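Examination of the molecular architecture
Here is how the chains run, residue by residue.
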Amino acid sequence: MSANPNQTKNNKLVLKLAAIVVGMFGFGFALVPLYDVLCDALGINGKPSDTASVYEAVEIDESRLITVDFITRINTGMPWEFKSETRQVKVHPGQLNEVNFYVKNPTNTAIVGQAVPSISPGPAALYMNKTECFCFEQQTLQAGEELLMPMQFYVDPQLPEEITYFTLQYTLYNVTASADVVAMN
Amino acid sequence: MTTLTDSTQHDTHADDHHDHHIPYGIKRWLNTTNHKDIGTLYLWFAFIMFLTGGAMAMVIRAELFQPGLQIVEPHFFNQMTTVHGLIMVFGAVMPAFTGLANWLIPMMIGAPDMALPRMNNWSFWILPFAFLILLSSLFLEGGGPAFGWTFYAPLSTTYSADSTALFVFAVHIMGASSIMGAINVIVTIFNMRAPGMTWMKMPLFVWTWLITAFLLIAVMPVLAGAVTMVLTDKFFGTSFFDAAGGGDPVMFQHIFWFFGHPEVYIMILPAFGIISQIIPTFARKPLFGYASMVYATASIALLSFIVWAHHMFTTGMPVAAELFFMFATMLISVPTGVKVFNWVATMWRGSMTFEVPMLFAIAFIVLFTIGGLSGLMLAIVPVDFQYHDTYFVVAHFHYVLVTGAIFSIMAAVYYWLPKWTGKMFHIGLAKWHFWCSLVSVNVLFFPMHFVGLAGMPRRIPDYALQFADINKWISIGGFAFGLSQLIFLVLLIKACKKQGEPVSDQVWEGAEGLEWEIPSPAPYHTFETPPIVK
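Just so we're clear, the structure is a prediction, and the values are computed from it rather than from any experiment.

Attention shifts here to the overall build of chain B. In terms of helices and strands, chain B carries 15 helices and zero strands. Across the 534 residues that make up chain B, the buried fraction comes to 53%.

The subject of this paragraph is helix α9 (residues 290–303) of chain B. Residues and elements named next belong to chain B. Its 14 residues place the ends of α9 20 Å apart at the C-alpha level, agreeing with the 20 Å of an ideal helix rising 1.5 Å per residue. Every buried residue of α9 is accounted for by M293, A296, T297, I300, A301 and L303. For α9, the secondary structure elements touched by its buried residues are α6 (204–235), α7 (249–266), α8 (269–283) and α10 (319–347).

Grouped together as the largest cluster of nonpolar side chains are 178 residues, with contacts concentrated most on V93, V206, I217, A226, F360, A411 and Y414 of chain B. Looking at this core, the element that brings in the most residues is α6 of chain B, giving 22 residues. Core analysis: the next-biggest nonpolar cluster, separate from the first, contains 26 residues, L126, F153 and Y170 of chain A together with A244 of chain B among them.

Next up on the list: the sheet that holds strand β8 (residues 146–155) of chain A. Residue and element names in this part refer to chain A. Spatially, β2-β4-β8-β6 is the arrangement adopted by the four strands of the open sheet, whose pairing is antiparallel. At either margin of the open sheet sits one strand with a lone partner, and together these are β2 (81–84) and β6 (128–132). When the angles between neighbouring strand axes are averaged without regard to direction, this sheet yields 30°. Across four bridges, the pairing between β2 and strand β4 (residues 97–104) is antiparallel. By the bridge assignment, S84 is partnered in β4 with F101.

This paragraph deals with the pairing of β4 of chain A. The sheet contact formed by β4 of chain A and β8 of chain A spans eight bridges and is antiparallel. Paired with V103 of chain A across the bridge in β8 of chain A is L147 of chain A.

Overall, the predicted model of chain A reaches an average pLDDT of 90, with 95% of residues at or above 70. Confidence scores differ between elements of chain A, with helix α2 (residues 181–184) of chain A showing the lowest mean pLDDT of 48 and strand β3 (residues 88–91) of chain A the highest of 96.

Here the focus is unusual backbone geometry. Residue and element names in this part refer to chain B. Cis rather than trans, the peptide bond between A153 and P154 has omega equal to -5°. At F527, a residue that is not glycine, the phi angle is positive and equals roughly 55°. One can find F527 in the segment after α15 (468–496).

This brings us to the confidence of the model for chain B. Mean pLDDT over chain B works out to 95, with 96% of the residues at or above the 70 mark. Across the interface, the model reports ipTM at 0.90; the global pTM reads 0.92.

Right, let's talk about the sheet that holds strand β7 (residues 139–141) of chain A for a bit. Hydrogen bonds along the backbone pair up the strands of a sheet, which may run parallel or antiparallel. Residues and elements named next belong to chain A. As summarised here, the arrangement of the five strands in space is β3-β1-β9-β5-β7, forming an open sheet in which the pairing is mixed. The open sheet has two edge strands, β3 and β7, and neither has a second partner. When strand polarity is set aside, the average angle formed by the axes of neighbouring strands in this sheet is 30°. When strand β1 (residues 66–74) meets β3, the two strands line up antiparallel, connected through four bridges. Counted as the bridge partner of D69 is Q88 from β3.

Procedures and definitions
- Residues numbered from 1 in each chain as written.
- Chains lettered and ligands numbered in written order.
- Predicted model: local features only at pLDDT ≥ 70, side-chain atom pairs only at ≥ 80, totals over all residues.
- Helix = DSSP H or I, 4+ residues; strand = E, 2+ residues; numbered from the N terminus.
- Buried ≥ 20, exposed ≤ 12 C-beta atoms within 10 Å, placed from the backbone.
- Expected span 1.5 Å × (residues − 1).
- Contact = placed C-beta atoms within 7 Å.
- Core = buried A, V, L, I, M, F, W, Y, C linked by C-beta atoms within 7 Å.
- Pairing = 2+ DSSP bridges.
- Axes fitted to C-alpha atoms, helices over the stretch in contact; angles between N-to-C directions.
- pLDDT = per-residue confidence, 0-100.

In structure tokens, the structure reads:
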């Protein structure tokens, strides 16, 4: 068989196309962090920050009163009781508040839980600053144990004018299967 | 238009010292690197898959013939809807278009074969293997995939059977096949056009496949990523889509539809190319607006990357995002409209005859446009809130895919079959096939618009009583459509047995292009010396 005169040209193009394929495969995985970055930057998706804020030199805006609702939810396979002490608070932006959440593990085995917050309307999430929250780490409850978990927050005074009311929902997941062994004891 | 200067194509001794006899038997088909053989393999495979996926649709329609759960369990029904979708998308439509690409592209550009003939063989043969894996998963304990062809998380991750692993492997293999095929098409078209065939002299079928191939290499890898993430979430403890671990199920939808939307254009652009070949032949007029057809196709392909979230209007996106996707989606109807108008303008004042390929092509133009109009309705955000996940969506995509893509494939087979076999197919059977399919397909899918608007959800094995009458008629249309395809099967078997009247090189008066200047049936090797194109 005589050599294909097009061989080199073909091979070069094949390599370029294969590079696109590999690149797009990487892009597919890059979409994962990109999704979080965009949601954060655009302030959508209702995910508040998962690290503690520092409360210092914040001016309290007495002219506005923001209503905050608290909803608690347990996911399937999570047998804990979970409720907030207060259903609703009315706060001034910039004012530091504390709300307690009650959890109880009524089973006879130790269970590790992870609370995940979600805020509606989504754009309000950017302005929700928590200085202390049980959602920042996994919580272990031994069999029968109950706990009152504090959550401290302040609403950023930069909250847009049109938002006067938002809802913070916590969903509690059972993460015992993937929790650290250390956290269990 | 193109003309050959050297019209005598002999398999002369001037060529290489290869065997002059064509191989035969199983070895021929297993080892072939010939684009015509591989095209035939793809086409037969696609037809078998079409009948298999169609059988699953018959199960669906049998259960939905009456309200109540009479024939199958809900879990099995969900497997039927899922695998019906997967087979039709990845086993019927895509391989059929690839088979047509293999048969036609080299002949249309005056090339002796595809650029990478051995990879071509692999691209085909891994497909039956992949579908064996997928279909066998139906027989496992726990059943096969039952989460819809769109396999959203967490249904596909947390709440699915273990057979999901087989589904993932099958999709990986199908994706690899498509990617290799696409690379082959691009390299062939870039590097192997005959001298004188400039870009703007290429047949529209070649253009649309070139653009489709770029879409394929761009988005199939993203599907591979999505399906891998489902596999690791399910079996290896990752949390891409699991909120408990910091992931997000809505992110699955973004990643999937970033692939999924270009995918549906992958399934229609070659159809546009086919219609652009057939209409001018039977109108005996050149295609109206060749350049605008090329630009319109490229515009549709580019736009297809920025509309994915129109499948996700009800997920709670901010209004600004919903508006962006709504406007971008509506924009796609402009280049699409250009194409429809150009086909009509081609027929305007043409000298028209209505052979069977033309019947399918004209039916395509009318019925695909209907599918496009329901798509435009779905693009409007506030009304999509009503239509989403109802049978209105099912009506839309079946119009564009069945009376669109599938009819174009049938049109293509009828148009080029005499070139491949050297004999005219049985025209009586072909006409029966067309008319039975045309009537039954509309009885099957048009009423779905109404039950969808009336509120019937998708993907349900049982429905509220008020939908019963229309569902009965839909099922009757479905059974009739299924039976009509058996006419096609008989016709194809007769054609493969070389029954029928011999045809000329040109076959159809008005046919133009390099493939009509070689003998019918096309010799095993064609254009071993490239023609000079004027």
